[in-house]
Amino acid sequence: MSTVDFQGVPMTPAEAKLVAQALRYTVGAFGDTLDKGGKPAILHSLRVGLAGTTAQEMAVGFLHDVVEDCGGDLLWLDGHDAAGGVAVFQAVMALTRLPGGVHVRREAYADFIRRIRDAGTCDAVVLIVKRRDLVDNLARSHEIPDAAERERLRARWRAALE
């Protein structure tokens, strides 16, 4: 089977197509959304995705905030089962904080992190991508203009890394 090299990561043509489509979908989902620091929000997902060392880590890294932050759906992954589309879908959903509803409160952040750690015992990609997500958030936290919000988020992200 032939392989291609994407950013130093060897992958099959099917995996490369999955990563390319994950990247394209993420860019479209975020559009011109800005983050708390006033920069394009897509940059965070690009950094997390490009830090991947496998096709699955890259695809999950690109997509990790799409459902929660953009309301995107990942049904298009169904056609990528040979390249690991189902595993990518499951990992992204594990990394998505559960929304609230009419009679249900939004998942508490501590419960969300606990659920990720539990999912990570079955899927290391979930833990790898979440760690990269948190490290990138902390590295860019100085860009959050509101000091109280910045410190609240830094404390949350540091605790999640422990």
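Here the structure is a predicted model, which is why all the values come from computation and not from measurement.

1. Side note on the side chain of S45
Argument step 1. Looking at the element boundaries, S45 is found in helix α2 (residues 42-50).
Argument step 2. Using a relative accessible area of 1% as the deciding quantity, one classes S45 as buried.
Argument step 3. Excluding anything up to four places from it in sequence, S45 contacts T26, F30, G61, F62, H64 and D65.

2. Quick look at the packing of aromatic side chains
Argument step 1. The tally for this structure, following the rule as stated, stands at 1 aromatic pair.
Argument step 2. Cation over ring: R156 sits above Y109, and NZ or CZ is 4.1 Å from the ring centre.

3. Section: the confidence of the model for the protein
Argument step 1. Summarising the model, the protein shows a mean pLDDT of 88, and 90% of its residues fall at 70 or more.
Argument step 2. By mean pLDDT, strand β1 (residues 4-6) is the weakest element of the protein at 82, and α2 is the strongest at 97.

4. So, unusual backbone geometry
Argument step 1. The residue Q7 is not glycine, and still its phi comes out positive at about 55 degrees.
Argument step 2. Position of Q7 relative to the elements: it lies in the loop between β1 and β2 (9-11).
Argument step 3. Residue Q7 is classed as exposed on the basis of its relative accessible area of 58%.

5. Let's talk about the environment of A41
Argument step 1. Its location among the elements puts A41 in the loop between α1 (13-30) and α2.
Argument step 2. Owing to a relative accessible area of 11%, A41 belongs among the buried residues under this scheme.
Argument step 3. Sequence-wise, A41 and V27 are 14 residues apart; in three dimensions their C-alpha atoms are separated by 9.6 Å.
Argument step 4. Contact partners of A41, with chain neighbours within four places excluded, come to F30, T33, L34 and D35.

6. Notes on helix α7 (residues 124-139)
Argument step 1. Counted at 1.5 Å a residue, the expected span for α7 with its 16 residues is 22 Å, and the 23 Å between its end C-alpha atoms agrees.
Argument step 2. V125, V126, V129, K130, D133, L134, D136 and N137 are the residues of α7 that are buried. Down the axis of α7, the smallest arc covering the buried residues is 165 degrees, so these residues share one side.
Argument step 3. Residue D123 occupies the N-cap position of α7, its side-chain oxygen lying 3.1 Å from the main-chain nitrogen of V125.

7. Brief notes about the environment of G37
Argument step 1. Here G37 lies in the loop between α1 and α2.
Argument step 2. In sequence terms G37 and E143 are 106 residues apart; their C-alpha atoms lie 4.8 Å from each other.
Argument step 3. If we skip the residues at most four places from it in the chain, G37 touches E143 and P145.

8. Side note on the packing of α2 against α7
Argument step 1. Relative orientation of the contacting elements α2 and α7 amounts to 135 degrees, with a least axis distance of 9 Å. With respect to α7, the element α2 is oriented oblique. Classified by chirality, the crossing of α7 by α2 is right-handed. Only V129, R132, D133, D136 and N137 of α7 make contact with α2, whose side of the interface consists of H44, R47 and V48.

So, how was this worked out
Residues numbered from 1 in each chain as written. Predicted model: local features only at pLDDT ≥ 70, side-chain atom pairs only at ≥ 80, totals over all residues. Heavy atoms only, no water. Helix = DSSP H or I, 4+ residues; strand = E, 2+ residues; numbered from the N terminus. Buried < 20%, exposed > 50% of the residue type's maximum accessible area, 1.4 Å probe, protein only. Contact = heavy atoms within 4.5 Å. Phe/Tyr/Trp six-rings, centres within 6.5 Å; stacked < 30°, edge-to-face > 60°. Lys NZ or Arg CZ within 6 Å of the ring centre and 35° of its normal. pLDDT = per-residue confidence, 0-100. Expected span 1.5 Å × (residues − 1). Arc of directions from axis to C-beta. Polar contact = N/O pair within 3.5 Å; in protein donor to acceptor, adjacent residues only side chain to side chain. Axes fitted to C-alpha atoms, helices over the stretch in contact; angles between N-to-C directions. Parallel < 35°, antiparallel > 145°, perpendicular 65-115°, else oblique. Left-handed = near helix turned anticlockwise from the far one by under 90°.

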